[in-house]
Amino acid sequence: VQLQASGGGLVQSGDSLRLSCSISGRLLRNRVMGWFRQAPGKEREFVSAVNWTSTRKNYADSVKGRFTISRDNAKNTVYLQMNSLKPEDTAVYYCAVDEEARFGVYMSRSAVDYWGQGTLVTVSS
């Protein structure tokens, strides 16, 4: 199983970016897909997750109302639309898969089976 994230870049405060993560390989149908991020000198933190049917989504408080997660199961791809970006959103963003939906959309690092390689998002003020 491989996860390939893309879409990061350097933007200004208030701008938008859309991250994508394509997944190849055999996975369980009921998997939860999500995003984490890690800023310099900080631990990797949860950003957002979505269940298989896209009926349940979860967001970190810091991104609620600004970020939107979505997925296309036919394309095995998960997206993160990031609007109104702030300098504190600067981080490496990692897509993640929990094959067994251990905690549903309340995804934790311990539940992740597969990680993407990360894509850097830098927001300048």
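Scroll up to find the structure this text is about.
So, how was this worked out
- Here the residue index of a chain counts from 1 through its sequence in written order.
- Owing to the predicted nature of the model, reporting of local features is limited to residues with pLDDT of at least 70; listing and counting of side-chain atom pairs is limited to 80 or more, with chain, interface and lining totals taken over all residues.
- Heavy atoms from the whole structure form the basis of all side-chain values; hydrogens and water molecules are not counted.
- Each helix is a run of DSSP H or I of at least 4 residues and each strand a run of E of at least 2, with the numbering of both proceeding from the N terminus.
- Here the globule rule is a power law, 2.2 Å times the number of residues to the power 0.38, and the radius of gyration is based on C-alpha atoms.
- To sort residues, take the accessible area from a 1.4 Å probe on protein chains only and compare it with the maximum for the residue type: under 20% means buried, over 50% means exposed, and anything in between is partly exposed.
- Two cysteine sulfurs form a disulfide in these notes if their separation is within 2.5 Å.
- By this definition, two strands are paired if DSSP reports at least two bridges between them.
- Centre distance within 6.5 Å is the pairing criterion for rings of Phe, Tyr and Trp, where only the six-membered ring of Trp is used; planes under 30 degrees apart are then read as stacked, over 60 as edge-to-face, and the remainder as tilted.
- Counted as over-ring charges are cases with an Arg CZ or a Lys NZ within 6 Å of the ring centre that also lie within 35 degrees of the ring normal.

1. Examining the overall build of the chain
- Helices and strands together make up the secondary structure of the chain, namely 0 helices and 11 strands.
- Seen in sequence order, the chain has helices and strands lined up from the N terminus as β-β-β-β-β-β-β-β-β-β-β.
- Over its C-alpha atoms the chain spans a radius of gyration of 13 Å, differing by no more than 12% from the 14 Å that the globule rule assigns to 125 residues.
- Referenced to the eigenvectors of the C-alpha coordinate spread, the extents of the chain come out at roughly 40 × 25 × 25 Å.
- For the chain, buried positions account for 46% of its 125 residues.

2. Observations concerning the state of the cysteines
- According to the stated counting rule, one finds 1 disulfide in the structure shown.
- A disulfide bridge connects Cys21 with Cys95, and the sulfur atoms are separated by 2.1 Å. Since a negative S-S torsion denotes a left-handed disulfide, the Cys21-Cys95 link at about 55° is right-handed. Of this pair, Cys21 sits in strand β3 (residues 17–24) while Cys95 sits in strand β9 (residues 91–98); the two residues are 74 residues apart in sequence, bridging distant segments of the chain.
- Owing to a relative accessible area of 0%, Cys21 belongs among the buried residues under this scheme.
- Looking at Cys95, the relative accessible area reads 0%, which means it is buried.

3. Some details on the environment of Arg29
- Inspection of the secondary structure puts Arg29 in the loop between β3 and β4 (32–38).
- Taking C-alpha positions, Arg29 is 7.8 Å from Glu99, a pair spaced 70 residues apart along the chain.

4. Details of the pairing of β9
- With 7 of 8 residues buried, β9 lies mostly within the body of the structure.
- Bridge count between β9 and strand β11 (residues 119–124): 3 bridges; the pairing is antiparallel. Bridge assignment links Val92 to a residue of β11, and that residue is Leu120.
- Where β9 lies against strand β10 (residues 114–115), 2 bridges are found, and the strand directions are antiparallel. Residue pairing in the sheet places Val97 in a bridge with Tyr114 of β10.

5. Brief notes about the packing of aromatic side chains
- Tallied over the entire structure, the rule returns 3 aromatic pairs.
- Arranged with centres 5.1 Å apart and planes meeting at 70°, the rings of Phe36 and Trp115 form a pair that is edge-to-face. Of this pair, Phe36 sits in strand β4 while Trp115 is found in strand β10, placing the two residues 79 residues apart along the sequence.
- Phe36 gets classed as buried once you look at its relative accessible area, which sits at 1%.
- Note on Trp115: relative accessible area 31%, which makes it partly exposed.
- Joined through ring pairs, the aromatic side chains of Phe36, Phe46, Tyr94 and Trp115 make up one cluster.
- Between Arg44 and the ring centre of Tyr94, over which it is positioned, the NZ or CZ distance is 3.6 Å.

Any functional reading would require information beyond the geometric quantities listed.
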